[in-house]
Amino acid sequence: MKLSIIVPIYNISLYLKKCLDSIIKENADDIEIILIDDGSTDGSGIICDDYQKKDKRIKVMHTKNQGVSIARNTGISVARGEYVLFVDGDDYLEDGYYHSILPYLNGDNDIIVFNYNRIIDNKIYPIVSFYDYENASTKYLLSHCIIWNKVIKRTILDKNIFPRITTCEDLYSMPLLITKTKRIIFKISFY
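Throughout this document, residue positions are counted from 1 along each chain, in the order its sequence is written. In keeping with the model being predicted, local features are shown solely for residues with a pLDDT of at least 70 and side-chain atom pairs are shown and tallied solely at 80 or more, while totals for entire chains, interfaces and linings include all residues. Hydrogens and water are ignored here; the side-chain numbers use all heavy atoms of the structure.

## With respect to the layout of surface pockets
Stated precisely, the cut-off is as follows: The method works on a 1 Å grid over the protein atoms by themselves. A cavity is a set of points holding a 1.4 Å probe that cannot get out, a pocket is an open set with protein on both sides within 12 Å along at least five of seven lines, and residues with an atom within 4 Å of a point line them. Grid points are joined across faces, edges and corners, and a volume is the space filled by probe spheres set on the points. Under the DSSP-based scheme used, a helix requires at least four consecutive residues in state H or I and a strand at least two consecutive residues in state E, with every element numbered from the N terminus. Under the scheme applied, nonpolar residues are Ala, Val, Leu, Ile, Met, Phe, Trp, Tyr, Cys and Pro; charged residues are Asp, Glu, Lys and Arg; polar residues are all the others, including Gly.
A volume near 250 Å³ is recorded for the second largest pocket. Every residue lining the second largest pocket is counted, 13 residues in all, and those nearest its centre are Pro8, Val68, Asp88, Gly89 and Asp90. Looking at the lining of the second largest pocket, the elements that each hand over two or more residues are β1 (3-9) and α3 (68-78). Per-element tally for the lining of the second largest pocket: the top contributor is α3, with 3 residues. Looking at the lining of the second largest pocket residue by residue, the class counts come to 6 nonpolar, 2 polar and 5 charged.

What follows is the structure in structure tokens.
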């Protein structure tokens, strides 16, 4: 298994189908998609179950509501992929995402940082994660502690890497990950 995609889900039924469609569109047998329904009450859990019936790569876990950190930790505990990608349930992947990062999932790279788009009022704003990747530093990474724009080697992820807090859990987790990292690369463009 090359990649585990972990999606923490809590009451996001309005966005969830777009997110899951973008993930299952990736034509790859060496990925697993782990959906953690964190006690949703809006039908998100039912959507997860429906998608599991459509795609054998999907595994759904229904848990009581404990927050995004515990949901992510739960996903890590069952992940089998060499690498892990966290996708929030209200986000989606661009077409061809998996095949564009596949060459970087070679076992040598511990973290792959990639660009993303921010969408506000249906307008797309590209966010470049780093311009000068030759001189990227730990200081830079610490100032960009979001987890969802990185693919991370599973062996550096402890099953309890995310603390039991409800916001900004990335700020706690990224410094811990960096201390275990030997090689980080910055993928500026997908294509």
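Picking up after the structure, the text goes on.
## Focus on the pairing of strand β4 (residues 83-86)
Threshold: Note on classification: 1.4 Å probe, protein chains only; a residue is buried when its accessible area is under 20% of the maximum for its type, exposed when over 50%, partly exposed between these limits. Pairing between strands requires that DSSP locate at least two bridges from one strand to the other.
Alternating residues of β4 divide into Tyr83 and Leu85 and Val84 and Phe86, and every residue in both groups is buried. Bridge count for β1 against β4 is 4 bridges, and the pairing is parallel. Residue pairing in the sheet places serine 4 in a bridge with valine 84 of β4. In this sheet, strand β8 (residues 150-153) lies alongside β4 in antiparallel orientation, the contact comprising 3 bridges. Of the residues in β8, the one forming a bridge with leucine 85 is valine 151.

## Some words on the nonpolar core
Worth spelling out the cut-off: Definition used in this section: a nonpolar core is a set of buried Ala, Val, Leu, Ile, Met, Phe, Trp, Tyr and Cys residues joined via side-chain atoms within 4.5 Å. By definition in these notes, contact holds between two residues if any of their heavy atoms fall within 4.5 Å.
Leu3, Leu35, Leu85 and Val151 are the most contacted members of the largest nonpolar core, which has 30 residues in total. For this core, the elements supplying multiple residues, two or more each, are β1, α1 (13-24), β2 (31-38), α2 (44-54), β3 (58-63), β4, α4 (97-101) and β5 (111-114). Filtering out sequence-adjacent residues up to four positions away, leucine 3 remains in contact with Asp30, Ile31, Glu32, Gly81, Tyr83, Val84, Leu85, Tyr98, Ile101 and Val151. Membership of the second largest hydrophobic core comes to 20 residues, among which are Ala71, Ala79, Phe86 and Ile147.

## Let's talk about the side chain of serine 40
Condition: Here a polar contact is recorded for every N or O atom pair within 3.5 Å, except that within protein the pair must consist of a potential hydrogen donor and a potential acceptor, and residues adjacent in sequence are included only if both atoms are side-chain atoms.
As for its placement among the helices and strands, serine 40 is situated in the loop between β2 and α2. In terms of polar contacts, serine 40 uses its side chain to reach the side chain of aspartate 37, at 2.8 Å. The contacts of serine 40, once residues within four sequence positions are left out, are Ile9, Tyr10, Asn11 and Gly45.

## Some points on α3
In terms of residue burial, α3 counts as a mostly covered element, since 8 of its 11 residues are buried. Taken together, the buried positions of α3 are occupied by Ser69, Ile70, Ala71, Arg72, Asn73, Thr74, Gly75 and Ile76.

## Considerations on the packing of aromatic side chains
Test applied: Each aromatic pair joins two rings of Phe, Tyr and Trp (for Trp, the six-membered one) with centres within 6.5 Å, and gets the label stacked for planes under 30 degrees apart, edge-to-face for over 60, and tilted for any other angle. Both a distance and an angle decide whether a charge sits over a ring: NZ of Lys or CZ of Arg must be within 6 Å of the ring centre and within 35 degrees of the ring normal.
One pass over the full model with this rule turns up 0 aromatic pairs. Here lysine 54 stacks its cationic end above the ring of tyrosine 51, 4.0 Å away from the centre of that ring.

## A closer look at the confidence of the model for the protein chain
What counts here: A residue's pLDDT is the confidence the predictor assigns to it, expressed on a 0 to 100 scale.
Across the protein chain, pLDDT averages 83, with 79% of residues at or above 70. Low pLDDT (under 50) marks residues 131-135, which in the prediction has 3 contacts with non-local residues, meaning those over four places away or in another chain.

## As for the pattern of salt bridges
Our working definition: Whenever Lys or Arg places a side-chain nitrogen within 4 Å of a carboxyl oxygen from Asp or Glu, that contact is recorded as a salt bridge.
Under the counting rule described, the total for this entry stands at 6 salt bridges. Of the charged contacts in the structure, one is a salt bridge between arginine 80 and glutamate 32, with a shortest N-O distance of 3.2 Å. With arginine 80 in the loop between α3 and β4 and glutamate 32 in strand β2, this residue pair connects regions lying 48 residues apart in the sequence. The exposure class assigned to glutamate 32 is buried, which follows from its relative accessible area of 7%.

## Examining the environment of aspartate 110
On the secondary structure map, aspartate 110 appears in the loop between α4 and β5. Under the relative-accessibility criterion, aspartate 110 is labelled buried at 6%. It is 9.3 Å that separates the C-alpha atoms of aspartate 110 and leucine 177, two residues lying 67 residues apart in sequence. Those residues within four positions of aspartate 110 in sequence are excluded, and the remaining contacts are Tyr83, Val151, Ile152, Lys153, Ile156, Lys180, Thr181, Lys182 and Arg183. Polar side-chain contacts of aspartate 110 include one of 2.6 Å to the backbone nitrogen of lysine 182.

## Brief notes about the environment of threonine 179
Looking at where threonine 179 falls in the secondary structure, it is placed in helix α6 (residues 169-179). Here the alpha-carbon distance between threonine 179 and isoleucine 156, two residues 23 residues apart in the chain, equals 9.3 Å.

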